Amino acid sequence: MSLSNDSVAVWVAALLTCIWLVMLAVTLKQKALPVGNGGRMLMLLSWPLLVISELWALGFGQGHSLISLVVLIVAPLQLMGLQMTTMALLWRKPRYARWPHALVATVLLALLSYQMWAFMADMPGWHGLVPYGELLVYWPVYASCLLIAFAMLYTAIMQVEHIQQYHHDLPLQVVDTQHYKIKGVAGACGFTVGVAFFLVVITVLVGIGIFPFESWLAWFHCGVASSMLAVLANLCRRQQTSPSPFDHAALENAPVLTDAKAQAIVKQADSVVIASKAYKQVGLTLESFARQAKLDPTILCLALLKVKKQHFRNYMYQFRMKYAKQLLLRSDIKLDQVAKRLQLGNKGTVSHTFLKYLESKQ
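Definitions and cut-offs
The written sequence of each chain sets the order in which its residues are numbered from 1. Totals for whole chains, interfaces and linings use all residues, but because this is a predicted model, local features are given only for residues with pLDDT of at least 70 and pairs of side-chain atoms are given and counted only at 80 or more. To get the side-chain values, take all heavy atoms of the structure and skip hydrogens and water. When two rings of Phe, Tyr or Trp (its six-membered ring) have centres within 6.5 Å they constitute a pair, described as stacked for plane angles under 30 degrees, edge-to-face for angles over 60, and tilted for the intermediate range. Should the NZ of a Lys or the CZ of an Arg lie within 6 Å of a ring centre and within 35 degrees of the ring normal, that charge is described as sitting over the ring. Joining through side-chain atoms within 4.5 Å is the link that ties buried Ala, Val, Leu, Ile, Met, Phe, Trp, Tyr and Cys residues into a set, and such a set is a nonpolar core. The buried label applies to any residue whose accessible area, calculated with a 1.4 Å probe on protein chains only, is under 20% of its type's maximum; exposed applies above 50%, and partly exposed to all values in between. Here a strand is any run of E in DSSP of at least two residues, a helix any run of H or I of at least four, and the numbering for each starts at the N terminus. By construction, the arc corresponds to the directions joining the helix axis to the C-beta atoms. Note on contacts: a residue pair is in contact if any heavy atoms of the two residues lie within 4.5 Å. Within this analysis, patches are made of residues with over 30% relative accessible area and no salt bridge. Like charges are joined at 9 Å or less; nonpolar side chains (Val, Leu, Ile, Met, Phe, Trp, Tyr) at 5 Å or less. Accessible areas in this description were obtained via Shrake-Rupley with a 1.4 Å probe; residue shielding takes into account the shown protein chains only. Here a salt bridge means any side-chain nitrogen of Lys or Arg lying within 4 Å of a carboxyl oxygen belonging to Asp or Glu. Lines fitted to the C-alpha atoms define the axes, with helices restricted to the stretch that makes contact. Angles between their N-to-C directions range from 0 to 180 degrees. Oblique is the label for any angle not under 35 degrees, not over 145, and not in the 65 to 115 range, which are roughly parallel, roughly antiparallel and roughly perpendicular in turn. Each crossing is labelled by how the near helix is turned from the far one, with a counterclockwise turn of less than a right angle marking it left-handed and a clockwise turn marking it right-handed. Asp, Glu, Lys and Arg are counted as charged, while Ala, Val, Leu, Ile, Met, Phe, Trp, Tyr, Cys and Pro are counted as nonpolar; the rest, among them Gly, fall into the polar class.

The next point concerns the packing of aromatic side chains. For the structure shown, the criterion picks out five aromatic pairs. Across from the ring centre of Tyr-317, 4.8 Å away, lies the NZ or CZ of Arg-313, which sits over that ring.

Quick look at the structure:
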């Protein structure tokens, strides 16, 4: 058994804590973010416990074996907070499985309890529980770390997939998709995937005695803490999102709308668009428009796909293009000014898009 008091890892933990303090101060100073505050605050307030073992070593000159063991139980709380916050950004009524995190926490508690029971006699002489090799003896320590790393890997990958699906489905529910994209979170989750994979490799190599890295557990804590801090930094940014209002089960099962019913819904939507001039509204969402038209968002989406063969964005763009054509014919306004006012695209692509529209109307 080796002792761990790597000064570099300790000072890295201290630096990460300073960053967290700044982030905490900024977050508490600003007004409450629109959605996901429960999960965000869970991550924000529990994060320092990820590096409490290193902070203890910084303050007292040596690690503490019990703190080194118990600190890992914070990781499932971080992952649960990540999932809660991300899903609140993506869904109007988030529905997700909580049992994987509960299972991880339960197994982790069992492993930590076994470690304290099995190694209690040796703990007073240890500055930190940092085994090297002897896989059959210290398997609970390695198993705990591997469980955390795989939980990070799974959770981060799932969040990336959910965000990608959200971006793919944006045209179904918003007109100006560029205003509602989630920035940074997928990249931070990708960073977490890379860190988690690296931690798995390091833990396995140390466990089988190939890689003699005596302070590996301190760096394991720093790896988990840095990846969660990167995710947290992006979750604390102000993000303008459009949480999905859909009944996705209804969309996937494609409930049958009769032609008459679908055409009646689209006709009602057309009249509301013209009466309210909804095509002028930058940032218009399907949910707000459906509320104005007194229609169910899911049914309206299905009706547009059935009758117009269009999603909401393309449907509203047809009205914008028609309005842009009228502006250009009746005034001296320039095309790029119209494009900027109606968010039709950047200067390099709007001419091509508008010409395609005009050709389609010939």
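All right, on to the nonpolar core then. If you look at the biggest cluster of nonpolar residues, it comprises 66 residues, and the most contacted ones within it are Trp-47, Leu-50, Ile-148, Trp-216, Phe-220 and Val-224. Elements with a contribution of two residues or more to this core: helix H1 (7–29), helix H2 (37–46), helix H5 (74–90), helix H6 (99–118), helix H7 (139–173), helix H8 (185–207) and helix H9 (216–235). Residues Ala-269, Tyr-279, Met-316 and Met-321 belong to the second largest nonpolar core, which totals 30 residues.

Restricting attention to buried positions, one finds in helix H12 (residues 286–293) the residues Leu-286, Glu-287, Phe-289, Ala-290 and Ala-293. Here the buried residues of H12 occupy an arc of 165 degrees about the axis, which is enough to place them on one side.

Let us now look at the environment of Ile-182. Locating Ile-182 in the fold gives a position in the loop between H7 and H8. Between the C-alpha atoms of Ile-182 and Asn-234, which are 52 residues apart in sequence, the distance is 9.4 Å. Not counting residues within four places of it along the chain, the set of residues in contact with Ile-182 comprises Leu-89, Leu-90, Tyr-166, His-167, Gln-239 and Thr-241.

A few words on a nonpolar patch on the surface. On the surface, Tyr-114, Trp-117, Leu-135, Trp-139, Val-204, Ile-208, Ile-210 and Phe-211 cluster together into a nonpolar patch covering about 810 Å² of accessible area. Note on placement: Leu-135 falls in the loop between H6 and H7. Leu-135 sits in the partly exposed class, given a relative accessible area of 37%.

Looking now at the packing of H6 against H7. The interhelical angle for the contact between H6 and H7, taken along N-to-C directions, is 165 degrees, at an axis separation of 9 Å. As far as their axial angle goes, H7 and H6 are roughly antiparallel. Our pair here, H6 against H7, has a crossing hand that is left-handed. Across from His-101, Val-104, Val-107, Leu-108, Leu-111, Leu-112, Tyr-114 and Gln-115 in H6, the residues of H7 making contact are Trp-139, Pro-140, Val-141, Ala-143, Ser-144, Leu-147, Ile-148, Ala-151 and Thr-155. The residue inventory of the contact of H6 with H7, partitioned by class, reads 13 nonpolar, four polar and no charged.

Let us now look at the environment of His-101. Take His-101: it is sitting in helix H6. For His-101, a relative accessible area of 6% corresponds to the buried category. Along the backbone, His-101 and Gln-83 are 18 residues apart, and their C-alpha atoms lie at a distance of 9.8 Å. Excluding its chain neighbours within four sequence positions, the residues that come into contact with His-101 are Pro-76, Leu-79, Met-80, Gln-83 and Thr-155.

Phi angles above zero are rare outside glycine, and Lys-294 is one such case at about 60 degrees. Position of Lys-294 relative to the elements: it lies in the loop between H12 and helix H13 (297–307). Judged by its relative accessible area of 74%, Lys-294 falls in the exposed class. Despite not being glycine, Lys-309 has its phi angle at roughly 55 degrees, a positive value. Take Lys-309: it is sitting in the loop between H13 and helix H14 (312–330). Since its relative accessible area comes to 64%, Lys-309 is described here as exposed.

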